[in-house]
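Observations on the three-dimensional arrangement
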Amino acid sequence: MKLYSTKNKKNKVSLAHAVLKGLPEDNGLYMPDSFQPLPHNFIKNIKDYSFQEISHIVAKTLIQSTIPEKDLKDIIYESINFPAPLIQFDQEKYILELFHGPSLAFKDFGARFMARLMSYFNKNNDKELVILVATSGDTGGAVAAGFYNTPGIKVVILYPSGKVSHLQEQQLTTLGNNITALEVQGTFDECHSKTSIFR
Ligand SMILES: *Cc1c(COP(=O)(O)O)cnc(C)c1O
């Protein structure tokens, strides 16, 4: 699988490049250039698979052979290590609970996967990676928890003063080590525009 920039479909990069770079130079977003269909038998028998097995098959089908099977499996099993239970609400409605990860935000799924992918692609690089995040709470908390103590990776989080819940501010500011949080006198959008200055 390759990824293209939504601002220029001809600008294609590898998964490693997209993961380590985050955003294309032209400020588009990276998108996979192809989606393989999930195996028919898997869909038919999906009830028999665990949540981790489903995550593994979906990831494997999406990213193809870019990462060796065994390595991808380890990454998925470490990332998806908490449940997403489907709770019956009434006769017709069910709720998929996505808040059982370390930061209680649904972004834990993506952030944990991203953290492990990044350190996988960065493991032979002796330069430290710095990840800049702008957040009004959810992204910062999940990224902080996901990357906490990851060797070779530092996280700097910009958050708007007074516009983040107390619990989430604690998630951003109390981990320490490789996680630094900066309180910005301004809005989320101003935090976001500052990330491009630093880049
Ligand atoms: C994560 C996310 C945001 C930003 O959330 P923050 O709490 O500011 O980190 C905004 N919109 C969507 C759809 C998101 O998934």
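Structure: above.
Attention in this report is confined to the structure presented alongside it. Only a predicted model underlies this, so the values are computations on that prediction, with no experimental measurement involved.

Rules used in this analysis
Residues numbered from 1 in each chain as written. Predicted model: local features only at pLDDT ≥ 70, side-chain atom pairs only at ≥ 80, totals over all residues. Heavy atoms only, no water. Buried < 20%, exposed > 50% of the residue type's maximum accessible area, 1.4 Å probe, protein only. Helix = DSSP H or I, 4+ residues; strand = E, 2+ residues; numbered from the N terminus. Pairing = 2+ DSSP bridges. Right-handed = clockwise from strand over helix to strand, strands pointing away. Near = heavy atom within 4 Å. Polar contact = N/O pair within 3.5 Å; in protein donor to acceptor, adjacent residues only side chain to side chain. Areas by Shrake-Rupley, 256 points an atom, 1.4 Å probe, with all protein chains shown as cover. Nonpolar A, V, L, I, M, F, W, Y, C, P; charged D, E, K, R; others polar. Salt bridge = Lys/Arg side-chain N within 4 Å of Asp/Glu carboxyl O. Phe/Tyr/Trp six-rings, centres within 6.5 Å; stacked < 30°, edge-to-face > 60°. Lys NZ or Arg CZ within 6 Å of the ring centre and 35° of its normal.

1. Details of the pairing of strand S7 (residues 153-160)
The buried fraction of S7 amounts to seven of the eight residues, a majority that puts the element mostly inside the structure. Bridge count for strand S6 (residues 129-134) against S7 is six bridges, and the pairing is parallel. Its bridge partner being in S7, Val 133 is matched across the sheet by Ile 157. Regarding the hand of the β-α-β motif, the stretch spanning S6, helix H6 (residues 138-147) and S7 is right-handed. When S7 meets strand S8 (residues 179-184), the two strands line up parallel, connected through six bridges. If you follow Pro 160 over to S8, its bridge partner there is Val 184. As for the winding sense of the linkage, the β-α-β connection from S7 through helix H7 (residues 166-173) to S8 is right-handed.

2. Some thoughts on the site of the ligand
All residues adjacent to the ligand are Phe 106, Lys 107, Thr 135, Ser 136, Gly 137, Asp 138, Thr 139 and Phe 188. Between Ser 136 and the ligand, the recorded distance is 2.5 Å, taken from a side-chain N or O atom to an oxygen atom. Residue Thr 139 places a side-chain N or O atom 2.6 Å away from an oxygen atom belonging to the ligand. A total of 380 Å² of accessible area belongs to the ligand in isolation, and the protein chains cover 54% of it. Residue classes in the shell around the ligand are distributed as two nonpolar, four polar and two charged.

3. Description of the pattern of salt bridges
Between side chains of opposite charge, a pair can form as their charged atoms come close. Throughout the structure, instances matching the rule amount to six salt bridges. Between Asp 74 and Lys 70 there is a salt bridge, with its nearest N and O atoms 2.8 Å apart. Of this pair, Asp 74 and Lys 70 both sit in helix H4 (residues 69-79), four residues apart, which is roughly one turn of the helix.

4. Brief notes about the packing of aromatic side chains
Within this structure, the stated rule accounts for four aromatic pairs. Measuring from centroid to centroid gives 4.7 Å for Phe 82 and Phe 109, while their planes differ by 40°, and the two rings are tilted. Taken together, the residues Phe 82 in the loop between H4 and strand S4 (86-88) and Phe 109 in helix H5 (residues 108-122) connect sequence positions 27 residues apart. Here Phe 82 falls in the buried class, since its relative accessible area comes to 8%. The interplanar angle of 70° and the centroid separation of 5.5 Å between the aromatic rings of Tyr 120 and Phe 121 together place this pair among those described as edge-to-face. The residues Tyr 120 and Phe 121 share a single accessibility class, namely buried. One aromatic cluster is present, formed by Phe 51, Phe 82 and Phe 109 through successive ring pairs. Here the guanidinium or amino end of Lys 73 rests over the ring plane of Tyr 77, the centre of that ring lying 5.3 Å away. For the cation-ring pair, Lys 123 lies above Tyr 120, with the distance from its terminal atom to the ring centre recorded as 3.7 Å.

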